Amino acid sequence: MQTEIPPPDSTNDSNYDQANGRYVFRYDPDGTATLTTTIVHALSNIANVDVSQGEFSLYDSIDPDALERLFSPKNDGGRRLDGHVCFSALEHEVYVFANGDIFVYPPTGNGQSPLR
């Protein structure tokens, strides 16, 4: 499935960090949304796809249950302080960090990952 992706417009999208060429989101482990829900909604907004209509499933890119477990609290109840995972979804590179930062890089067109 090819997804029509409009170029980022920093004047219309408050999550776009033009200086670094990425969208920035934050996951709050104390909030009501799960990590995977936060990522799906972020991608849905960026790529203009309707997840409720089955246009996109995170399972197409990564196992959501494994992603949730990766960043869940440790056995002693403490939060994970380091680590990250990267995957591609809807032609975007998604970086998820243990501290709650989520960076989504739009397609570069040159086939290279935004972080080296």
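See above for the structure.
Residues numbered from 1 in each chain as written. Predicted model: local features only at pLDDT ≥ 70, side-chain atom pairs only at ≥ 80, totals over all residues. Heavy atoms only, no water.

**Q** Explain the nonpolar core here, please?
**A** When a protein is soluble and globular, its nonpolar side chains tend to lie buried together. If you look at the biggest cluster of nonpolar residues, it comprises 26 residues, and the most contacted ones within it are I39, L43, F87, V94, V96 and I102. If you list the elements that add at least two residues to this core, you get β2 (22-26), α1 (35-47), β3 (84-89), β4 (92-97) and β5 (101-105). Examining the composition of this core, we find that seven residues originate from one element, α1, more than from any other. Look past the residues within four positions of L43 in its chain and what remains in contact with it is N48, F56, L58, A89, L90, H92, V94 and V104. (Core = buried A, V, L, I, M, F, W, Y, C linked by side-chain atoms within 4.5 Å. Buried < 20%, exposed > 50% of the residue type's maximum accessible area, 1.4 Å probe, protein only. Helix = DSSP H or I, 4+ residues; strand = E, 2+ residues; numbered from the N terminus. Contact = heavy atoms within 4.5 Å.)

**Q** Looking at this model, I keep getting lost on the pattern of salt bridges. Mind explaining?
**A** If the charged atoms of two oppositely charged side chains come close together, the side chains can form a pair. Here the structure, examined in full by the defined rule, presents three salt bridges. Residue D17 is joined to R22 by a salt bridge in which the shortest nitrogen-to-oxygen separation is 3.5 Å. Two residues, D30 and R79, come together in a salt bridge whose shortest N-O distance is 2.5 Å. Residue D30 is located in the loop between β2 and α1, and its partner R79 is located in the loop between α2 (64-70) and β3; the two are separated by 49 residues in the primary sequence. Residue D30 is classed as exposed on the basis of its relative accessible area of 61%. The partly exposed category is assigned to R79, whose relative accessible area is 45%. (Salt bridge = Lys/Arg side-chain N within 4 Å of Asp/Glu carboxyl O.)

**Q** How do you make sense of the packing of aromatic side chains when you look at a structure like this?
**A** Any aromatic ring pair is given by two values, namely how distant the centres are and how the planes are angled relative to each other. Evaluated as defined, the whole model comprises three aromatic pairs. Positioned above the aromatic ring of F103, the side-chain terminus of R22 is 3.8 Å from the ring centre. (Phe/Tyr/Trp six-rings, centres within 6.5 Å; stacked < 30°, edge-to-face > 60°. Lys NZ or Arg CZ within 6 Å of the ring centre and 35° of its normal.)

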